[in-house]
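# Examining the three-dimensional arrangement
Here is what each chain is made of, one letter per residue.
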Amino acid sequence: MMFLRSRSKPVLPAVEQRSLQLSDQHITYTLKRSGKRRSIGLRIDERGLTVSMPLRASEQWLHSVLQDKASWVLDKLENWQVAKVMPIVWQDGATIPFRGEEITLCVVPDLFGAPPRLLGESLLLQLNGVATPQRIEKLVSQWYREQALQVFEECVAHFAPLMEVAPRTIRLSSARTQWGSCSARGVISLNWQLVKLSLPLIDYVVIHELAHLKEMNHSAAFWRVVASVCPDHKELRTALRDIRVG
Ligand SMILES: [Zn+2]
């Protein structure tokens, strides 16, 4: 007797990018397949729509779930889009994030001009000449960087002795994808955009990179070093994951 060997089934990708038409809208989403799932789940976060489904779920099932949830998906995605593309309007009265709070730009014409100054919840910008959005943005980002360096240096001055480490240098970075890094030579780079976030989050990133001076990995030993000065590091790390850089 002869057996016909069954042809092996094509292997489905675990993660793929797809698009579809919902109502009159064209949307893209990430499809994830998992052997552990029993149902189809939808999630919308800062990365957009993610659909998780069982490994062998049919396309029909997927299609019907998406059509059923169409209005919910479109609603949530719209909110997300608004939050994502809402840029700062660089003008007098605009609010910008700083150390976890909102501060208001206060643009004042001034014959001589002066460096930006924080007065309570306002950032005073004294500008000589025309206050174009470009000039305001440039001044504010320069100010952000100065503030960032100051905050980072204070943080390091506080935590490095407690952790018994000494970084070689602290550098500002503007990486699009990470908040901080630590080189084998002991150079710590910290994203200047961190200065927009609250102090506990800034502390966590600084502590994380300082801990790499002891443990150049993410082992249990590494997390013990982090926990020694930051007991709630797990919550902070989770919170940080939901914030996009930039
Ligand atoms: Zn790390």
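Rules of the game
Residues numbered from 1 in each chain as written. Predicted model: local features only at pLDDT ≥ 70, side-chain atom pairs only at ≥ 80, totals over all residues. Heavy atoms only, no water. Helix = DSSP H or I, 4+ residues; strand = E, 2+ residues; numbered from the N terminus. Rg over C-alpha atoms; globule rule 2.2 N^0.38 Å. Buried < 20%, exposed > 50% of the residue type's maximum accessible area, 1.4 Å probe, protein only. Areas by Shrake-Rupley, 256 points an atom, 1.4 Å probe, with all protein chains shown as cover. Lys, Arg positive; Asp, Glu negative; His and termini not counted. Charge placed at Lys NZ, Arg CZ, Asp CG, Glu CD. Core = buried A, V, L, I, M, F, W, Y, C linked by side-chain atoms within 4.5 Å. Domains from an automatic or database assignment. Arc of directions from axis to C-beta. Donors = N, O, S within 2.8 Å, 3.2 Å for Na, K, Ca; no water. Contact = heavy atoms within 4.5 Å. Expected span 1.5 Å × (residues − 1). Pairing = 2+ DSSP bridges. Salt bridge = Lys/Arg side-chain N within 4 Å of Asp/Glu carboxyl O.

### Focus: the overall build of the protein chain
When helices and strands are counted, the protein chain shows six helices and eleven strands. Computed over the C-alpha atoms, the radius of gyration of the protein chain is 24 Å, more than 25% above the 18 Å expected from 2.2 N^0.38 for a compact globule of 246 residues. The principal-axis extent of the C-alpha atoms belonging to the protein chain is close to 95 × 50 × 25 Å. Counting over 246 residues, the protein chain shows a buried share of 39%. Surface summary for the protein chain: the accessible area is close to 15,400 Å², and the carbon and sulfur share equals 54%. For the protein chain, the centre of its 31 positive side-chain charges and the centre of its 24 negative side-chain charges are spaced 12 Å apart.

### Remarks on the nonpolar core
In this structure, Leu105, Val140, Met163 and Leu210 are the most contacted members of the largest nonpolar core, which totals 48 residues. The biggest single contributor to this core is helix 3 (residues 133-163), with twelve residues. Both domains that furnish three or more residues to this core are identified here as domain 2 (95-142) and domain 3 (147-241). With 19 residues, the next largest nonpolar core counts Val51, Val65, Leu66 and Val73 among its residues.

### Quick word on helix 6 (residues 233-241)
Along helix 6, the residues that are buried comprise His233, Leu236 and Leu240. Buried positions in helix 6, seen along its axis, are confined to an arc of 65 degrees and lie on one side of it. For helix 6, exposure combined with an orientation more than 90 degrees from the buried face picks out Lys234, Glu235 and Arg241.

### A short note on the coordination of the zinc ion
Listed as protein donors to the zinc ion are His208 (NE2), His212 (NE2) and His218 (NE2); their distances from the metal cover 2.0 to 2.1 Å. Site description for the zinc ion: donor spacing in sequence, H-x3-H-x5-H. Assessed through its relative accessible area of 52%, His218 is described here as exposed.

### Regarding the side chain of His208
Note that His208 resides in helix 4 (residues 199-211). Classification of His208 as buried rests on a relative accessible area of 10%. In contact with His208, not counting residues within four places along its chain, are His218, Phe222, Trp223 and Val226.

### Re helix 4
Across its 13 residues, helix 4 extends 18 Å between first and last C-alpha, which sits within 8% of the 18 Å expected from 1.5 Å per residue. Burial analysis of helix 4 places eleven of its 13 residues in the buried class, the great majority of the element. Every buried residue belonging to helix 4 is among Leu201, Ile202, Asp203, Tyr204, Val205, Val206, Ile207, His208, Glu209, Leu210 and Ala211, and all of these are buried. Here the buried face of helix 4 lies against helix 3, strand 10 (180-182), strand 11 (187-191), helix 5 (220-229) and helix 6.

### As for the pairing of strand 3 (residues 41-45)
Remark: a regular strand shows side chains that alternate across the two faces of the sheet. Within strand 3, four of the five residues are buried, which leaves it mostly tucked inside the rest of the structure. Both strand 3 and strand 4 (residues 48-54) contribute to a ladder of five bridges, which runs antiparallel. Across the sheet, the residue bridging to Gly41 is Ser52, located in strand 4.

### Here we look at the pattern of salt bridges
In the structure shown here, the tally under the stated rule is three salt bridges. Between Arg18 and Glu16 there is a salt bridge whose closest N-O contact spans 3.3 Å. Of the charged contacts, one joins Glu16 and Arg33 as a salt bridge, the two residues approaching to 2.9 Å between their closest N and O atoms. Highlighted residues: Glu16 in strand 1 (residues 15-22) and Arg33 in strand 2 (residues 25-34), separated in sequence by 17 residues. What emerges from the salt-bridge pattern is a single network uniting Glu16, Arg18, Arg33 and Glu59.

### Observations regarding the domain arrangement of the protein chain
Taken domain by domain, the protein chain holds domain 1 (15-85), domain 2 (95-142) and domain 3 (147-241). Between the C-alpha centres of domain 1 and domain 2 there is a distance of 41 Å.

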